[in-house]
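Coordinate analysis (summary)
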Amino acid sequence: MDLFEVFCSSIELIEEELRNEDLDIPYLAKRLYISPYYFQRLFFAHTGKTVGSYIRERRLTEAGQEVKNGKSILETAFRYGYDSQESFTKAFRKFHGVTPGRAKRGCILSCCPKVNVQALHKGGISMDYTLEKENEFEIAVITRSFHPETANEEIEKFWDEYYKKGYEKTVPPMLGVCLTGAAYETSDGTFRYGIGSLKDYTQEIPEGFEVLKVPAGLWGKFYTKGSLPDAIRKLWCEVSDNWLPSSGYEVIPGFDFECYSEGDLKSDDYVSGIWLCLKEK
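Here goes a summary of the coordinates provided. (Residues numbered from 1 in each chain as written. Predicted model: local features only at pLDDT ≥ 70, side-chain atom pairs only at ≥ 80, totals over all residues. Heavy atoms only, no water.)

Before going further, it helps to examine the pattern of salt bridges. Tallying each qualifying case throughout the model produces 17 salt bridges. Among the salt bridges present, the one from R41 reaches D256, with a minimum N-O distance of 3.8 Å. Taken together, the positions of R41 in helix α3 (residues 36-47) and D256 in strand β7 (residues 249-260) put the pair 215 residues apart, joining distant regions of the chain. Each member of the pair, R41 as well as D256, is classed as buried. With its nearest N and O atoms 2.6 Å apart, the salt bridge here joins K49 to E57. (Salt bridge = Lys/Arg side-chain N within 4 Å of Asp/Glu carboxyl O. Helix = DSSP H or I, 4+ residues; strand = E, 2+ residues; numbered from the N terminus. Buried < 20%, exposed > 50% of the residue type's maximum accessible area, 1.4 Å probe, protein only.)

Structure follows, in structure tokens:
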């Protein structure tokens, strides 16, 4: 399956397994034969939601309808993986804005509909790309481990910390680097992510940074214009849905780069990119 087919299959699998208490990123990734890291990135790129939040909202949507239709609150709680009526009520109220008891008497509830994959697959965005053979090169990065379910918020904090500590003065933040594959990922999908630069662009290597060697290879370099984070998210979709399936290439795990230019991140003319190491299928 290509990556968009994996995403489509994941939506169907989530619906089938919605009441399965083991339903999470590692479970889905194993069923879909994809690494947890790549699965979470793929899912977020298409939906703007983490896998966990989508599952939680789909469960609460279905649970809300069952309660509203007269089903037992306690039985519904257990059916959708909550270990007590209290924990169910807390989650229910946070999502719907009312208690299950109030819903049972009749009211308007919040809704997270099943993702319409056909509506998502509308065609591409404007992007430029090149295929370039690169010799081995070095990057200077500070890295940290992240779990895919909380990575989006935590990586944003990581970037804030990078600037607060003044690292950009000696190591320009031109790269966001995901280190993937068996050497860097754990069974639950935890992966390493780094911020930094090509080593040649650094003035000095601050304490806590490391210099990593990136193997020689063929690199697909994809660029787009637009404000962040939407532009880079749409670029991931364009590459995975439209370019890769028809390219004759597949991604080699190891280093995935997001590349950032200088300028206003919210400008429609801001340039960002993705570099992926490729091999022929």
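A few words now on the packing of α3 against helix α10 (residues 230-247). The description of two helices packed together rests on the angle between their axes and the distance between the axes. In contact at an axis separation of 8 Å, α3 and α10 are set at 115 degrees when each is read in the N-to-C sense. On the basis of their axis angle, the class for α3 and α10 is roughly perpendicular. Crossing angle aside, the handedness with which α3 passes α10 is left-handed. Contacts between α3 and α10 pair R41, L42, F44, A45, H46 and T47 from the former with R233, W236, C237, S240 and D241 from the latter. In terms of residue class, the contact of α3 with α10 is built from 5 nonpolar, 3 polar and 3 charged. (Axes fitted to C-alpha atoms, helices over the stretch in contact; angles between N-to-C directions. Parallel < 35°, antiparallel > 145°, perpendicular 65-115°, else oblique. Left-handed = near helix turned anticlockwise from the far one by under 90°. Contact = heavy atoms within 4.5 Å. Nonpolar A, V, L, I, M, F, W, Y, C, P; charged D, E, K, R; others polar.)

A word on the packing of aromatic side chains. Given two aromatic rings, their pairing is described by the distance between the two centres and the angle made by the two planes. According to the stated counting rule, one finds 27 aromatic pairs in the structure shown. Centre to centre, the rings of F222 and W243 are 4.9 Å apart; their planes meet at 75 degrees, and the pair counts as edge-to-face. Here F222, found in strand β6 (residues 217-225), pairs with W243, found in helix α10; they are 21 residues apart in sequence, far enough to count as distant. One cation-aromatic arrangement involves K221 over W275; the distance from NZ or CZ to the ring centre is 4.2 Å. (Phe/Tyr/Trp six-rings, centres within 6.5 Å; stacked < 30°, edge-to-face > 60°. Lys NZ or Arg CZ within 6 Å of the ring centre and 35° of its normal.)

What follows deals with the packing of helix α2 (residues 25-32) against α3. In the contact formed by α2 and α3, the axes pass within 9 Å of each other and the chain directions differ by 100 degrees. With respect to α3, the element α2 is oriented roughly perpendicular. Contacts between α2 and α3 pair I25, L28, A29 and L32 from the former with P36, F39 and Q40 from the latter. Here the residues of the contact of α2 with α3 sort into 6 nonpolar, 1 polar and no charged.

Position of W236 among the secondary structure elements: in helix α10. Here the alpha-carbon distance between W236 and E258, two residues 22 residues apart in the chain, equals 9.8 Å. If we ignore the near neighbours within four places in the chain, the residues touching W236 are R41, A45, D256, E258, I274 and L276.

Here we come to the environment of E12. For E12, the position within the fold is in helix α1 (residues 3-16). Remark: the alpha-carbon pair of E12 and C112, spanning 100 residues in sequence, is separated by 15 Å. Looking at E12, its side chain comes within polar contact range of the side chain of K114, at 2.9 Å. (Polar contact = N/O pair within 3.5 Å; in protein donor to acceptor, adjacent residues only side chain to side chain.)

Now for the pairing of β7. Looking down a regular strand, the side chains alternate between one sheet face and the other. Pairing analysis gives 5 bridges linking strand β3 (residues 175-179) to β7, with the strands arranged antiparallel. From the neighbouring strand, G176 faces β7, where its bridge partner is E258. (Pairing = 2+ DSSP bridges.)

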